[in-house]
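Take a look at the letters that make up each chain.
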Amino acid sequence: KSNKDQRQLQTTMEPFAHTASLSTVLTQCGPQWDALGRLEDGRIFLVEAKANLPELASPGSAASEPSKTLILRSLSECQVYLGVDARIDWARQYYQYCNRLAHLCWLRVLNDLPTFLVFVYFLNAAEVSGPRSIAEWKNAIKSMYAALHR
């Protein structure tokens, strides 16, 4: 899946001149998106979907040391841009969410590409014991934001 997603992201980016190289943010495996798309007007959409609360929290990457260095640098650059306290460890409890923000920063900020990050949160996914109400998702997301933006 990851190599396919990396090729899809590169294909999505082909029409644009890059200010910052894709290799400055992507590890060898690249991101694994639930959906990627580009509209005819050039707008890019990155989609991340979740069906249960445990998916929201994710531990740090199991990447190799060189890849971890790249990941940590990308997360740190995004934190600086967003004005988030650098002492908050974005590579820890909500790594995947933070990684998605770093990719958005790379595309929007460093490359000035019209990019949008869409999070889809499903209700009533019984097969994975997903939340049954919007309030459950809102509470979990509120807790995540509090942990990441103190």
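The present account deals with the structure reproduced in this document. (Residues numbered from 1 in each chain as written. Predicted model: local features only at pLDDT ≥ 70, side-chain atom pairs only at ≥ 80, totals over all residues. Heavy atoms only, no water.)

## Focus on the pattern of salt bridges
Thought 1: Enumeration according to the criterion identifies 5 salt bridges in this entry.
Thought 2: Between arginine 73 and glutamate 77 there is a salt bridge; the shortest N-O distance is 3.8 Å. Note that arginine 73 and glutamate 77 are positioned in helix H3 (residues 65-82) at a spacing of 4 residues, about one turn of the helix.
Thought 3: Here glutamate 77 falls in the partly exposed class, since its relative accessible area comes to 42%.
Thought 4: Via salt bridges that share partners, Glu48, Lys50 and Arg100 belong to a single interconnected network. (Salt bridge = Lys/Arg side-chain N within 4 Å of Asp/Glu carboxyl O. Helix = DSSP H or I, 4+ residues; strand = E, 2+ residues; numbered from the N terminus. Buried < 20%, exposed > 50% of the residue type's maximum accessible area, 1.4 Å probe, protein only.)

## Describing the packing of aromatic side chains
Thought 1: Scanning the entire structure with this criterion turns up 5 aromatic pairs.
Thought 2: With centroids separated by 6.1 Å and ring planes inclined at 45°, the aromatic side chains of tyrosine 97 and tyrosine 145 adopt a geometry described as tilted. Remark: tyrosine 145 occurs in helix H5 (residues 134-148) and tyrosine 97 occurs in helix H4 (residues 95-110); sequence separation between them is 48 residues.
Thought 3: Relative accessible area serves as the criterion here: at 9%, tyrosine 97 is assigned to the buried category.
Thought 4: The interplanar angle of 10° and the centroid separation of 6.2 Å between the aromatic rings of phenylalanine 119 and tyrosine 121 together place this pair among those described as stacked.
Thought 5: One aromatic cluster is present, built from ring pairs that chain together Tyr97, Phe119, Tyr121, Trp137 and Tyr145. (Phe/Tyr/Trp six-rings, centres within 6.5 Å; stacked < 30°, edge-to-face > 60°.)

## Let's talk about the sheet that holds strand E3 (residues 115-121)
Thought 1: Read across the open sheet, the 3 strands follow the order E1-E2-E3; overall the sheet is mixed. Edge positions in the sheet fall to strand E1 (35-38) and E3, since each has one partner strand and no second. Between one strand axis and the next, the sheet turns by 20° as a mean value, whatever way the strands run.
Thought 2: Relative to strand E2 (residues 44-50), E1 runs antiparallel, the two being bridged by 4 bridges. Within E2, the residue paired with leucine 36 across the bridge is leucine 46.
Thought 3: Against the sheet, H4 makes contact with E2 and E3, and its axis sits at roughly 160° relative to E3, the strand it touches most. (Pairing = 2+ DSSP bridges. Axes fitted to C-alpha atoms, helices over the stretch in contact; angles between N-to-C directions. Contact = heavy atoms within 4.5 Å.)

## Points about the nonpolar core
Thought 1: Ranked by internal contacts, the top residues of the largest apolar core, which has 30 residues, are Leu46, Leu75, Trp90, Met144 and Leu148.
Thought 2: Counting residues per element, the ones that place at least two in this core are E2, H3, H4 and H5.
Thought 3: No other element matches H4, which puts 9 residues into this core. (Core = buried A, V, L, I, M, F, W, Y, C linked by side-chain atoms within 4.5 Å.)

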